[in-house]
Amino acid sequence: MATMLPQVAVAAHETAPREAKGLSDPFGRTLTDLRVSVTDRCNYRCVYCRTGEGTAPPSELPLEDYGRMIRAFVSLGIEKIRLTGGEPLLRRGLVELIRELSKLRTVQGHRLDLALTTNGHLLGPLARSLRDAGLSRVTVSMDAVEPELFARITRVPGSFEHVLRGVRGARDCGLGPVKINCVLMRGWNETQIVPFAEFSRRENVVVRFIEFMPLEEDRIWAPDTVLPLEEVLGALRSFRAITPLPQNSLSETALRYTFDDGIGEVGVIAPVSQAFCGACSRVRLTSDGKIRTCLFSHFDHDLHAILRRGGTEADLRQFIEATVQKKEARHHIGETGFLQPGRTMVHIGG
Ligand code: SAM
């Protein structure tokens, strides 16, 4: 696997002069954040994401091809890469891909912010190698701290223990602060808000509650399944007084809080009740090499087709620049006529 991504590293001088202007869309948003799905396979079947029945054939590309496409994005101004899926830790060669990506530099010559979103099941034994390869941060999806409820949500018995081991392994090897993403769904896990606050304080991890979005395979989303921001804050306040924390960056999606004694950090990401599209800095690359300009797009833009036709890095750049001009102003969840996208989260890459 050592030769998997030949010459993926980009010398800063190759790209910096041309690209100093960055990648921006027609609404004046600068796109600095790329999410790349390296597989749409997953070993969990979370109720808010996948169906309990059947499995679509996987769509994956050689890791070298992700490397080439990512390199073109970075040369245009991308600064943060989040590897996702499907479940990215199912992808053989991921550590080597991270090692190669960690050699890339932003157009300003800085190290990339290289993050991973995982369900954590396979993370424990891999955490140290991922960190050594150059991973900066890890986000683990966890939707309950009660093991039985966790297994009902993931539809995998015994999953909680694996994930807890993964979270602790990542934290203890220096991949912290580990972030936990918890998708809240009324009728499933609203009882977990306070236990997660305690978990953040006890385990020294950052917890983010995320509003359920209509991106699931089983079509169970309805407006009243979403726990809006105010309701989450109310539950947190019933536990302890909360204090807002400042934004880390302008495009940060989470509203952050700590408690009156400064121990623990929780946040709420409210794409439905408090959409943050105006500050969106993201673009996505699906596991089959298509650019998605918004989670709720109805179109894919086939970047990998350029590679298949023997295109150069300049051709990839041209396609990326033209595609981001089509980025949507905002999503339309909750509005009359809203249509759920044909591709679900597991196929888009969360
Ligand atoms: N398998 C990895 C994981 O579990 O983190 C990466 C892929 S998963 C699709 C990425 C993120 O999307 C997870 O944090 C998951 O909770 C979130 N997600 C999936 N479906 C969602 C939905 N319908 N609404 C909100 N978030 C969702």
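What counts, and at which threshold
Residue positions are given per chain, counting from 1 as you read along its sequence in written order. Only residues with pLDDT of at least 70 get local features here, since the model is predicted, and only at 80 or more are side-chain atom pairs given and counted; chain-wide, interface and lining totals rely on the full set of residues. Neither water nor hydrogens contribute to the side-chain values; these are computed over all heavy atoms in the structure. Here, nonpolar core means buried Ala, Val, Leu, Ile, Met, Phe, Trp, Tyr and Cys residues that are tied together by side-chain atoms lying within 4.5 Å of each other. Each residue's exposure class comes from its accessible area (1.4 Å probe, protein chains only) as a fraction of the maximum for that residue type: buried when under 20%, exposed when over 50%, partly exposed otherwise. A run of DSSP states H or I qualifies as a helix once it reaches four residues; a run of E qualifies as a strand once it reaches two. Both are numbered from the N-terminal end. The contact criterion used throughout is that any non-hydrogen atoms of two residues lie within 4.5 Å. Here, a salt bridge means any side-chain nitrogen of Lys or Arg that lies within 4 Å of a carboxyl oxygen of Asp or Glu. Paired strands, as defined in this entry, are two strands with at least two bridges between them according to DSSP. Only a single heavy atom is needed: when it lies within 4 Å of a molecule or strand, its residue is near that molecule or strand. Whenever two N or O atoms come within 3.5 Å, that pair is a polar contact, provided that in protein one can donate a hydrogen and the other can accept it, and provided that, for residues adjacent in sequence, both atoms are side-chain atoms. Amino acid classes used here: Ala, Val, Leu, Ile, Met, Phe, Trp, Tyr, Cys and Pro are nonpolar; Asp, Glu, Lys and Arg are charged; the rest, including Gly, are polar. By convention, orient the strands away from the viewer: a clockwise path from the first strand over the helix to the second makes the crossover right-handed.

> Help me understand the nonpolar core in this model?
One broad rule of soluble globular proteins: the nonpolar side chains tend to lie buried together. Core analysis: the biggest nonpolar cluster contains 100 residues, and Phe 73, Ile 81, Leu 83, Met 142, Ile 180, Phe 209 and Leu 236 have the highest contact counts within it. It is helix α2 (residues 63–75) that contributes the most residues to this core, seven residues altogether. Apart from residues no more than four positions distant in its own chain, Phe 209 is found in contact with Cys 182, Leu 184, Ile 193, Phe 196, Val 232, Leu 236, Val 266, Gly 267, Val 268 and Ile 269.

> Please clarify how the pattern of salt bridges should be interpreted in this entry.
This structure, assessed with the given rule, holds 25 salt bridges. Residue Glu 231 is joined to Arg 186 by a salt bridge in which the shortest nitrogen-to-oxygen separation is 2.8 Å. Residue Glu 231 is located in helix α8 (residues 229–239), and its partner Arg 186 is located in the loop between β5 (179–184) and α7 (193–203); the two are separated by 45 residues in the primary sequence. The exposure class assigned to Glu 231 is partly exposed, which follows from its relative accessible area of 34%. Among the ionic pairs, Arg 208 bridges to Glu 265, the shortest N-O distance being 3.1 Å. On the criterion of sequence distance, the pair formed by Arg 208 in strand β6 (residues 206–211) and Glu 265 in strand β9 (residues 265–269) is long-range, its members being 57 residues apart. Judged on exposure class, the residue Arg 208 and its partner Glu 265 are both buried. Here the residues in one salt-bridge network are Asp 288, Lys 290, Arg 292, Asp 300 and Arg 343, joined through shared partners.

> Just checking my understanding: could you explain the sheet that holds β5 for this structure?
The strands that make up a sheet are held in pairs by hydrogen bonds between backbone atoms, and each pair lies either parallel or antiparallel. As summarised here, the arrangement of the twelve strands in space is β7-β8-β9-β6-β5-β4-β3-β2-β1-β10-β11-β12, forming an open sheet in which the pairing is mixed. Because the sheet does not close on itself, it has two edges, and the strands there are β7 (242–245) and β12 (301–302). Where β6 meets β9, five bridges bridge the pair, whose relative direction is parallel. Paired with Ile 210 across the two strands is Ile 269, which belongs to β9.

> Is there a simple way to explain the site of the ligand in this structure?
Lining the immediate surroundings of the ligand are 17 residues, of which Tyr 48, Gly 86, Glu 87, Ser 141 and Met 213 lie closest. Interatomic distance of 3.0 Å between a backbone N/O atom of Tyr 48 and a nitrogen atom of the ligand. Backbone polar atom of Met 213 to a nitrogen atom of the ligand: 2.9 Å apart, as the coordinates give it. Where the shell around the ligand is concerned, the elements lending two or more residues are β3 (113–118) and β5. For the shell around the ligand, the per-class residue count stands at six nonpolar, nine polar and two charged.

> Before we go on, may I ask you to explain the pairing of β6 in this structure?
Along any regular strand the residues' side chains alternate between the sheet's two faces. Burial within β6 is extensive, with six of its six residues counted as buried. Note: β5 against β6, six bridges, orientation parallel. In the sheet register, Cys 182 faces β6, and the bridge partner there is Phe 209. With respect to chirality, the unit in which β5 leads through α7 into the neighbouring parallel β6 is right-handed.

> I keep staring at the environment of Ser 136 and nothing clicks. Help me out?
Tracing the sequence through the fold places Ser 136 in the loop between α4 (123–133) and β4 (137–141). Those residues in contact with Ser 136 that sit more than four places away from it in its chain are Leu 112, Asp 113, Leu 114 and Leu 175.

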